[in-house]
Amino acid sequence: HLKAAEPPALKDPLFAVTPPAYTGEKRHDYPYLPFESEAYIGSVVAVSGAAAGKLFSAALEFPGAAPIPLKPLAGGRLGAEFTVTGDAKYRLLLRTADGAVSLANSFAAPHPLEVPGEDAGTKEDGTAETHFIKALADRPPAVEVLSPAFGALEAAPEEELAAVYEASDDIG
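Residues numbered from 1 in each chain as written. Predicted model: local features only at pLDDT ≥ 70, side-chain atom pairs only at ≥ 80, totals over all residues. Heavy atoms only, no water.

1. Notes on unusual backbone geometry
- One non-glycine residue, Asp 12, lies in the positive phi region at around 45°.
- Turning to its location among the elements, Asp 12 is positioned in strand E1 (residues 9–18).
- What makes Asp 12 exposed here is its relative accessible area of 56%. (Helix = DSSP H or I, 4+ residues; strand = E, 2+ residues; numbered from the N terminus. Buried < 20%, exposed > 50% of the residue type's maximum accessible area, 1.4 Å probe, protein only.)

Set out below in structure tokens:
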């Protein structure tokens, strides 16, 4: 007798990005694993989902680094988090108790070039799609004095000197 087994998967996904506190920005939650995303350096990225199928373990795999295991969370969910330190690419690895690895995942967002109805998380060769995070650097504020625009100014100590300036920042 041959019995079909449900492949391991993560259901009800959550991909959350918490920017550094100094930015004043709120956490961004996505109900899928985006193929491409952006986050400020220092942001904490959390990936979680509910185990489905005969899932034994799950991990985020980064090239050249040890996998980050998804650990049990409240409510039967599994999750992992990491801090953005630079541009990164990763895959979701799902493993069954017998050691079989499923690189497909059920919570990837549909890719714009995919054919509807095909597994959004798996390429034609059966391997998992690689996901990318672009690390955004916080640039220093810029200040430009608009006036007085002429060179050397002279003013007596009791005189006021009016200045017009423009300041900008990439955050806030």
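2. Here we look at the pattern of salt bridges
- Tallying each qualifying case throughout the model produces two salt bridges.
- Across the pair Arg 91 and Glu 61 runs a salt bridge, and its minimum N-O distance is 2.5 Å. Residue Arg 91 is located in strand E9 (residues 88–96), and its partner Glu 61 is located in strand E5 (residues 55–61); the two are separated by 30 residues in the primary sequence.
- Relative accessible area serves as the criterion here: at 21%, Arg 91 is assigned to the partly exposed category.
- Its relative accessible area of 24% is what places Glu 61 among the partly exposed residues. (Salt bridge = Lys/Arg side-chain N within 4 Å of Asp/Glu carboxyl O.)

3. Observations regarding the sheet that holds strand E2 (residues 28–30)
- Spatially, five strands are ordered E2-E1-E4-E8-E7 in an open sheet, and the strand pairing comes out antiparallel. Looking along the sheet, the strands with just one partner apiece sit at the ends: E2 and strand E7 (71–72).
- Pairing analysis gives three bridges linking E1 to E2, with the strands arranged antiparallel. The residue of E2 that forms the bridge with Ala 16 is Asp 29. (Pairing = 2+ DSSP bridges.)

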